[in-house]
Amino acid sequence: MNRSPDDAGDVPPRIGEARELDVGALRALAHPLRVEIYDILSQFGPQTASSLAEQLGESSGATSYHLRALAKHDLIREVPDRGTGRERWWERPKGAVSMTGQTAVRSPAGRAASQVVISEFYRRRNRQLEEFIARQIRKDPDEWTAMLSTATVRLTDAQFEELGHELEAVIDSYVARYREQQGEGVRPFTIRTDVFPLTDPEQS
């Protein structure tokens, strides 16, 4: 299971319905700045080259170049009926994507690109978590709007699959219901589920 971190469509998607990124799309995305751009569009919605440049500390010429490269592989698209010829708005299309599709990972180039993209995504998400903890640790725990929890459980592969599908269904239902929600008190949250087998030190 490996989807991009934000990503249900209008009907809650399942893994099998995700768009499998081909080698070309993965290679286009396999650049730290492009992953940052793609993830900002996923988390915060439409942006311009200028707004991205301000957030990323880059020139608008650089962000514009990377936006066009992402758009060439339909990873992002121009927002219709918004902006001008000089100030174009870009968005990430709704829908789940898979970065480890069977076609892509059959080739060394696809596997290498997939590894870069996934590593960069989680480097960014881990940095966001660390920044959140640094900000919040100074506050009263009762003021935290977060759930940070870990647990260890012993499962068979079949039980892991069942757990994964149940977690996915809950997350998909909330994303489908509230992804477009606007109004007072509404702000973006990132949702992560990390479920994977541990290596037994005695067996390594």
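Here the structure is a predicted model, which is why all the values come from computation and not from measurement.

Quick notes on the rules
Per chain, the residues get numbers from 1 upward, laid out in the order the sequence is written. Side-chain atom pairs in this predicted model are given and counted only at pLDDT of 80 or more, local residue features only at pLDDT of at least 70, and totals for whole chains, interfaces and linings cover all residues. To obtain the side-chain values, all non-hydrogen atoms of the structure were used and water was disregarded. Runs of H or I in DSSP of at least four residues are treated as helices and runs of E of at least two as strands, each being numbered from the N terminus. With a 1.4 Å probe rolled over the protein chains alone, any residue whose accessible area is under 20% of its type maximum counts as buried; one over 50% counts as exposed, and the rest are partly exposed. Pairs of residues are marked as contacts when any of their non-hydrogen atoms sit within 4.5 Å. For every accessible area listed, the method is Shrake-Rupley and the probe measures 1.4 Å; residues are considered covered only by the protein chains on display. Whenever a carboxyl oxygen of Asp or Glu lies within 4 Å of a side-chain nitrogen of Lys or Arg, that contact is scored as a salt bridge. In plain words, nonpolar cores are sets of buried Ala, Val, Leu, Ile, Met, Phe, Trp, Tyr and Cys residues tied together by side-chain atoms within 4.5 Å. Patch membership needs two things, relative accessible area over 30% and no salt bridge, and members are linked within 9 Å if like-charged or within 5 Å if nonpolar (Val, Leu, Ile, Met, Phe, Trp, Tyr).

*Asks:* Even after reading the chapter, I still don't get the overall build of the chain, so can you show me in this structure?
*Replies:* Scanning the chain from N- to C-terminus turns up seven helices and five strands. Secondary structure elements of the chain occur, N-terminal to C-terminal, as β-α-α-β-α-α-β-β-β-α-α-α. Relative to its full complement of 204 residues, the chain shows a buried share of 32%. Considering only intrachain contacts with a sequence separation of at least 6, the fraction spanning at least 24 residues in the chain is 67%. Accessible surface for the chain amounts to roughly 13,600 Å². Of this, 50% is attributable to carbon and sulfur atoms.

*Asks:* I keep staring at the pattern of salt bridges and nothing clicks. Help me out?
*Replies:* Should their charged atoms come close, side chains of opposite charge can pair. All chains considered together, the criterion is met by ten salt bridges. Across the pair glutamate 36 and arginine 124 runs a salt bridge, and its minimum N-O distance is 2.8 Å. In this pair, glutamate 36 sits in helix 2 (residues 32-44) while arginine 124 sits in helix 6 (residues 108-136), placing the two residues 88 residues apart along the sequence. On the basis of relative accessibility, which here comes to 8%, the residue arginine 124 falls in the buried class. Arginine 123 is the partner of glutamate 120 in a salt bridge, and the nearest nitrogen-oxygen pair spans 2.6 Å. With glutamate 120 and arginine 123 both in helix 6, this residue pair falls three residues apart, about one helical turn. The network of salt bridges with common partners includes Glu36, Asp39, Arg124, Arg125 and Arg127.

*Asks:* Help me understand the nonpolar core in this model?
*Replies:* The nonpolar side chains of a soluble globular protein tend to be buried with one another. Residues Leu21, Leu29, Ile37, Leu67, Leu75 and Met99 are the most contacted members of the largest nonpolar core, which totals 26 residues. Put simply, the parts of the chain that give this core at least two residues each are helix 1 (23-29), helix 2, helix 3 (49-56), helix 4 (60-72) and helix 6. Top element by residues in this core is helix 2. It accounts for six residues. Apart from residues no more than four positions distant in its own chain, leucine 75 is found in contact with Arg19, Leu21, Ala25, Ala28, Leu29, Tyr38, Leu70, Arg92 and Pro93.

*Asks:* Is there a simple way to think about the environment of phenylalanine 44 in this case?
*Replies:* With respect to the secondary-structure elements, phenylalanine 44 resides in helix 2. Spatially, the C-alpha atom of phenylalanine 44 lies 10.0 Å from that of arginine 92, the residues being 48 residues apart in sequence. Setting aside chain neighbours within four positions, we find phenylalanine 44 in contact with Arg124 and Pro188.

*Asks:* I tried to follow the environment of glycine 101 on my own but got confused; where do I start?
*Replies:* Structurally, the position occupied by glycine 101 is in the loop between strand 5 (97-98) and helix 5 (102-105). Linking glycine 101 and serine 114, residues 13 residues apart in sequence, is a C-alpha distance of 9.2 Å.

*Asks:* Would you explain a nonpolar patch on the surface in this entry?
*Replies:* A surface patch of nonpolar side chains, amounting to about 340 Å² of accessible area, comprises Leu129, Ile133, Ile137 and Leu148. Looking at the secondary structure, you find isoleucine 137 in the loop between helix 6 and helix 7 (157-178).

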